Amino acid sequence: MKKRLLGMLSFLLVLSMALIGCSSNSSDGGGSKGGGESADGGGTLIYGRGGDSVSLDPAVVTDGESLIIAEQVYETLVNFDKETTDIVPGLAKKWDISEDGLTYTFELEEGIKFHDGTDFNAEAVVKNVERWLTSNDEAKFAYFASQFGGFKGSETAIIKEVKADGDNKVIFTLNKPQAPFLKNLAMSPFAISSPAAIEKYGDKYGENPVGTGPFKFESWKRNDTITLVKNEDYRKDGEPKVDKMIFKVIEDNSSRLNALIKGEVDLIDGLNPSDAEKVKSDKNLQLFERPSLNVGYLGFNVEKEPFNNPKVRQAISHAVNKEALIKNFYEGTAEPAKNPMPPTLNGYNDEVKDYEFDLEKAKKLLAEAGYKDGFKVDLWAMPVPRPYMPNGQKVAEALQADFEKIGVKANIVTMEWATYLEKVQAGESSLFMLGWTGDNGDADNFLYTLLDKDAIGSNNYSRYANEEVHKLLLDAQAETDEAKRAELYKKAQEIIHEDAPWVPLAHSTPLLAGKSTIEGFFPHPTGSQPMGDVSIK
Amino acid sequence: MSEIVEQTQLPPSGPEVNVNQEEKTVSPWVDVWRRFRKNKAALFGAVLVSFFILLAILADLIAPYGFKETALENKHLPPSSDHWFGTDEFGRDIFSRVVYGARISLWVGFISVAGSVIVGSSLGIIAGYYGRWVDTIISRLFDILLAFPSILLAIAVVAMLGPSLQNALIAIAIINVPTFGRLVRSKVLTVKEEEYITAAKAIGMKDSRILLHHVLPNSLAPIIVQGTLAIATAIIEAAALGFLGMGAQPPTPEWGKMLADSKDFIMQAPWTVFFPGIAIMLTVLGFNLMGDGLRDALDPRMRN
């Protein structure tokens, strides 16, 4: 008996010591292991991230963890600017667009070699584009099909043909104009591979990537590390600045931060917002904020009762306190959303007046809709942290409390992430939380991709179909005058706001952290960036 | 301990003996209470348990706020006179949630253990009394259940039934069944050889009556001890399931769930983790001390 009591007391003691131990670990962080050694560039940059890549052949993937490697190994014809989604020259030094918007002529940089020593030229570009365009492999090249309307010969295909004119000129002929054509080409899935390497490695190309980028691929230990080394012949003078880059997988957000504090890695993504203060107060660390290009939302299935009634959707919109949600669950690293696209994009409608947080108004609207006593509903919340919503479960719990005040009894439902997406996509849920990160910085990649009737069954999880919106979005795709396009998108946002297929919640700012010795790093809004110009002091 | 042949703990005077019967000399239960009272640690445990039971019953009167009353602007307030235990990230009063949480934890503890006692003892009595193939089947069933680590089995059950407090309760009840089953079975094996059972059989008493009126009452002591200790484990298991998100669902103020929800803020707002943790610890400590005391008190060898 006594022994048992003694055991308990000693357990208590150990527990309290452990707790005390936890609180004093950040004082001597930022050790000297890893990282740069010389004052002037060089060294190894170790990047900690949450998951491994799927494949290193960028054309067959869409996941961010694969694309961030592609950004280092490959280059695209045109690039996004370092900090924005404006288009700047890439492998093509200049380009010419015909009056009708149907012919694009790219003039390529000269004297560039792939990592395997073969020449980069017009023929190589044509071979790459034809690999995607004529594959007809919907499963393998799905992202190509969705961004460029389909494969060669299909009715909706944007690209008609691609031809080389001499060694340094490539001509794209389109079936119809596509306003975001250049932005689509700048996306890293459409980077240029060495045709010789594709042929040589066949099915194994995904493990043996060969491009023209600042780093060469060296080795890949699955679920652990990917090692890249400096491309000595890189076309930009003085780049890359480090000799080696290692991408290391550390799944848990807190352990990844600990690895950074201990100096095992130099740079990490996926920082918990609640850890931002800790990073800021540590003089050995610096905090990076990725400009927001995302939206987290609460979606209604507009085909299901009671959300087939717009009044109910508006009522719920009035019962969401976005400011408080952001303050409590994003630690302030987000701004409230009123439109389905982020405010940095061309065409954002700032005139739209958000549904203010007003429970009385919400109750009134519910009563008008015939739900005076409210109703019961399952609220689906995602099980995993996403860049657009660090903690879906808690946001759901806060929503649940506010909804109860207007008589809506929400039961929070969750399941494994892949199942969750599958079921929401199939329209099984009536009220769900989700979000989207833009891939090319165009309004089309939000409004058309997420809310057009064409996208029902793919990314239009609300199953929202409005003919007027559909027409506006198609017109905007074909319109090449940016000012006119913006008008079309603004109009579409007004209608979407009225119909309220979503409650847009927040545009978050994903956080990254690095050692204070890191220089020249800027997290690109699309989620990944080339790091040839990053150096370690 | 169950293998010890009992020295006629109750007077084997015949079929009419009732365990609660007041006797002219000293009832065995009064005797037990005397011994229990002398054990300071056990008394302390009993006081803790009664305290939490009172807390659970009077939660509506004690808690200053509702357990799901959110006030997002009051996020992570440290303990103060307004919020004795501070607030969580929804601005909810932690003191109120801990008080209401007593209700959940004790409810899970008592009901799940009651369930496993009923099912486990019935199976154990049947196995022990009838023996032969009935015993083999039931005992192997227990062996299979015991082959799984208990929390893993609970997770499997919850995964099948879907996460909810009720299903967690069922899962915990299931994993405790073999413990009680085996305990009762071995007790029955010794009890059924007693002369008074033979006597009962001789006068033609039905099996069901023998089991309920003679075998069961005489196997009660170990069940009580094991039951008290099992409540402690059940509370921990419910908290573990809650912590893993497989037990109570929001906004239920289950202690384990409160710990899980707050673990990210252990640095910024330690009170969000501290108080639910302490509550779990004290309740479990209470039941364990009480269980130990009961074991000593009910052990006939410790009799004066």
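In this text the structure is predicted, and so the values were computed from the model without any measurement.

**Student:** An account of the overall build of chain B is requested, with residue identities and associated values reported.
**Tutor:** Tallying secondary structure elements over chain B gives twelve helices and zero strands in all. Each helix (α) and strand (β) of chain B, taken in turn from the N terminus, gives the series α-α-α-α-α-α-α-α-α-α-α-α. With respect to the principal axes defined by its C-alpha atoms, chain B has extents near 75 × 45 × 25 Å. Counting every position in chain B, which comprises 304 residues, the buried fraction comes to 53%. By sequence separation, contacts in chain B at least 24 residues apart represent 72% of the contacts at least 6 residues apart. Split by element, the accessible area of chain B, about 14,400 Å² in all, is 66% carbon and sulfur.

**Student:** I'd like a rundown of the UniProt feature "transmembrane region" (unreviewed entry) in chain B, residues and numbers included.
**Tutor:** All names here are of chain B. In the numbering adopted here, UniProt assigns the feature "transmembrane region" (unreviewed entry) to residues 43–67, 104–129, 141–162, 168–184, 219–245 and 265–287. Secondary structure over residues 141–162 splits into 86% helix and 0% strand, and the C-alpha atoms at its two ends are 24 Å apart. Along residues 265–287 the backbone is 74% helical and 0% strand, and the end-to-end C-alpha distance reaches 30 Å.

**Student:** Describe the UniProt feature "domain: Solute-binding protein family" (unreviewed entry) in chain A, and please don't skip the residues or the numbers.
**Tutor:** Mapped onto this numbering, the UniProt entry gives "domain: Solute-binding protein family" (unreviewed entry) at residues 87–455 of chain A. Overall, residues 87–455 of chain A shows 28% helix and 22% strand. The separation of its end C-alpha atoms is 27 Å.

**Student:** How would you explain the UniProt feature "domain: ABC transmembrane type-1" (unreviewed entry) in chain B if you had to name every residue and give the values?
**Tutor:** The feature "domain: ABC transmembrane type-1" (unreviewed entry), as given by UniProt, occupies residues 102–291 of chain B in the numbering adopted here. Secondary structure within residues 102–291 of chain B divides into 83% helix and 0% strand; the distance between the first and last C-alpha atoms comes to 19 Å.

**Student:** Describe the packing of helix H2 (residues 40–57) of chain B against helix H4 (residues 94–130) of chain B, listing the residues and the values that go with them.
**Tutor:** All names here are of chain B. H4 packs onto H2 with a crossing angle of 115° between their chain directions and a minimal axis gap of 8 Å. Put simply, H2 runs roughly perpendicular to H4. Taken as a pair, H2 and H4 cross one another with a handedness that is left-handed. Residues Phe-52, Ile-53, Leu-55, Ala-56 and Ile-57 of H2 form the contact with H4, whose participating residues are Val-99, Ala-102, Arg-103, Leu-106 and Phe-110. Residue classes in the contact of H2 with H4 are distributed as nine nonpolar, no polar and one charged.

**Student:** How would you explain the pattern of salt bridges if you had to name every residue and give the values?
**Tutor:** With the rule as written, the count across this model stands at 41 salt bridges over all chains. Here Lys394(A) makes a salt bridge to Glu89(B), at a shortest N to O gap of 2.4 Å. Placement of the pair is Lys394(A) in helix H12 (residues 392–405) and Glu89(B) in the loop between helix H3 (59–62) and H4, with the two residues belonging to separate chains. Taking relative accessible area as the criterion, Glu89(B) reaches 4% and is therefore assigned buried. When salt bridges with common partners are traced through the structure, they connect Glu397(A), Asp88(B), Arg92(B) and Arg97(B) into a single cluster.

**Student:** Run through the interface of chain A and chain B, naming residues and quoting values.
**Tutor:** Between chain A and chain B, the contact holds 23 residues from the first and 23 residues from the second. Taken together, the two surfaces of chain A and chain B that pack against each other cover about 2,200 Å², and 57% of this comes from carbon and sulfur. Run the count over chain A and chain B and you get four salt bridges. Its salt-bridge partner being Glu397(A), residue Arg92(B) comes within 2.9 Å of it at the nearest N-O pair. Our count for the chain A to chain B interface comes out at ten residue pairs in polar contact (both at pLDDT 80 or more). Of all the secondary structure elements, the ones that give two or more residues to the side of chain A that touches chain B are helix H1 (2–22), helix H10 (322–329) and H12 of chain A. A class-by-class count of the residues in the side of chain A that touches chain B yields twelve nonpolar, four polar and seven charged.

**Student:** How would you sum up the sheet that holds strand E10 (residues 244–249) of chain A? Please name residues and give values.
**Tutor:** What the seven strands build is an open sheet, ordered E8-E9-E10-E1-E11-E19-E12 (chain A); its pairing is mixed. Of all strands in the sheet, those bounded by a partner on one side alone are strand E8 (215–221) and strand E12 (285–289) of chain A.

**Student:** Which residues make up the packing of aromatic side chains, and what are the values?
**Tutor:** Residues and elements named next belong to chain A. Scanning all chains against the criterion turns up 32 aromatic pairs over all chains. Aromatic side chains Tyr-371 and Phe-375 sit 5.3 Å apart centroid to centroid with 70° between the ring planes, which places their arrangement in the edge-to-face category. A residue is classified by how much of its surface remains accessible, and Phe-375, at 11% relative accessible area, is buried.

**Student:** Provide a residue-level description of the confidence of the model for chain A, including the pertinent values.
**Tutor:** All names here are of chain A. Across chain A, the average pLDDT comes to 88, with 92% of residues at 70 or higher. At the low end of the mean pLDDT range in chain A sits H1, at 54; at the high end sits strand E9 (residues 225–230), at 96. Note that pLDDT drops below 50 for residues 20–39; the model gives that stretch 28 contacts with residues more than four away or on any other chain.

**Student:** Quick one: what's the story with the domain arrangement of chain A, residue by residue and with numbers?
**Tutor:** All names here are of chain A. The domain architecture assigned to chain A consists of domain 1 (75–196), domain 2 (213–290 + 511–536) and domain 3 (294–508). Summed over the three residues of domain 1 that lose the most area to domain 2, namely Glu-75, Lys-82 and His-115, the buried surface amounts to 58% of that side. For the pair domain 1 and domain 2, the interface holds two salt bridges. Taking the shortest distance from any N to any O, the salt bridge between Asp-533 and Lys-82 comes out at 2.8 Å. At the boundary of domain 1 with domain 2, the tally comes to eight residue pairs in polar contact (both at pLDDT 80 or more). Partitioning the side of domain 1 that touches domain 2 into residue classes produces three nonpolar, five polar and five charged.

**Student:** Just give me the short version of helix H15 (residues 467–478) of chain A, but keep the residues and values in it.
**Tutor:** Think of an α-helix as 3.6 residues a turn; residues three or four steps apart then line up on the same face. For H15(A), with twelve residues, the first-to-last C-alpha span of 17 Å sits near the 16 Å given by 1.5 Å per residue. Taking the backbone nitrogen of Glu468(A) as reference, a side-chain oxygen 2.8 Å away marks Asn466(A) as the first, capping residue of H15(A).

**Student:** An account of the environment of Thr198(B) is needed here, citing residue identities and associated values.
**Tutor:** Residue and element names in this part refer to chain B. Structurally, Thr-198 can be placed in helix H8 (residues 195–202). Here the alpha-carbon distance between Thr-198 and Ile-210, two residues twelve residues apart in the chain, equals 10.0 Å. Here Glu-194 takes part through its backbone oxygen, which lies 3.1 Å from a polar atom of the side chain of Thr-198.

**Student:** Give me the lowdown on the packing of helix H6 (residues 150–161) of chain B against helix H10 (residues 220–243) of chain B, citing residues and values where you can.
**Tutor:** Residue and element names in this part refer to chain B. Two elements in contact, H6 and H10, have axes separated by 11 Å at closest approach and are oriented at 55°. Classed by the angle they form, the pair H6 and H10 counts as oblique. Of the two possible hands of crossing, H6 and H10 adopt the one that is right-handed. Along the contact surface, H6 presents Ser-150, Ile-151, Ala-154, Ile-155 and Val-158, while H10 presents Glu-237, Ala-240 and Leu-241.

**Student:** Report on unusual backbone geometry, specifying residues and quantitative values.
**Tutor:** Of note, the bond from Glu305(A) into Pro306(A) is cis; its omega dihedral lies within 30 degrees of zero at -10°. Here Pro306(A) lies in the loop between strand E13 (294–300) and helix H9 (310–318). Across the junction of Pro250(B) and Pro251(B), the peptide omega takes the value 5°, indicating a cis bond. Here Pro251(B) lies in the loop between H10 and helix H11 (255–262). With phi around 55°, Arg463(A) is a residue other than glycine that occupies positive phi space.

What counts and how
Residues numbered from 1 in each chain as written. Chains lettered and ligands numbered in written order. Predicted model: local features only at pLDDT ≥ 70, side-chain atom pairs only at ≥ 80, totals over all residues. Heavy atoms only, no water. Helix = DSSP H or I, 4+ residues; strand = E, 2+ residues; numbered from the N terminus. Buried < 20%, exposed > 50% of the residue type's maximum accessible area, 1.4 Å probe, protein only. Contact = heavy atoms within 4.5 Å. Areas by Shrake-Rupley, 256 points an atom, 1.4 Å probe, with all protein chains shown as cover. UniProt positions renumbered as here; feature names shortened; annotations may be inferred. Axes fitted to C-alpha atoms, helices over the stretch in contact; angles between N-to-C directions. Parallel < 35°, antiparallel > 145°, perpendicular 65-115°, else oblique. Left-handed = near helix turned anticlockwise from the far one by under 90°. Nonpolar A, V, L, I, M, F, W, Y, C, P; charged D, E, K, R; others polar. Salt bridge = Lys/Arg side-chain N within 4 Å of Asp/Glu carboxyl O. Buried area = accessible area lost by both parts, 1.4 Å probe. Polar contact = N/O pair within 3.5 Å; in protein donor to acceptor, adjacent residues only side chain to side chain. Pairing = 2+ DSSP bridges. Phe/Tyr/Trp six-rings, centres within 6.5 Å; stacked < 30°, edge-to-face > 60°. pLDDT = per-residue confidence, 0-100. Domains from an automatic or database assignment. Expected span 1.5 Å × (residues − 1).

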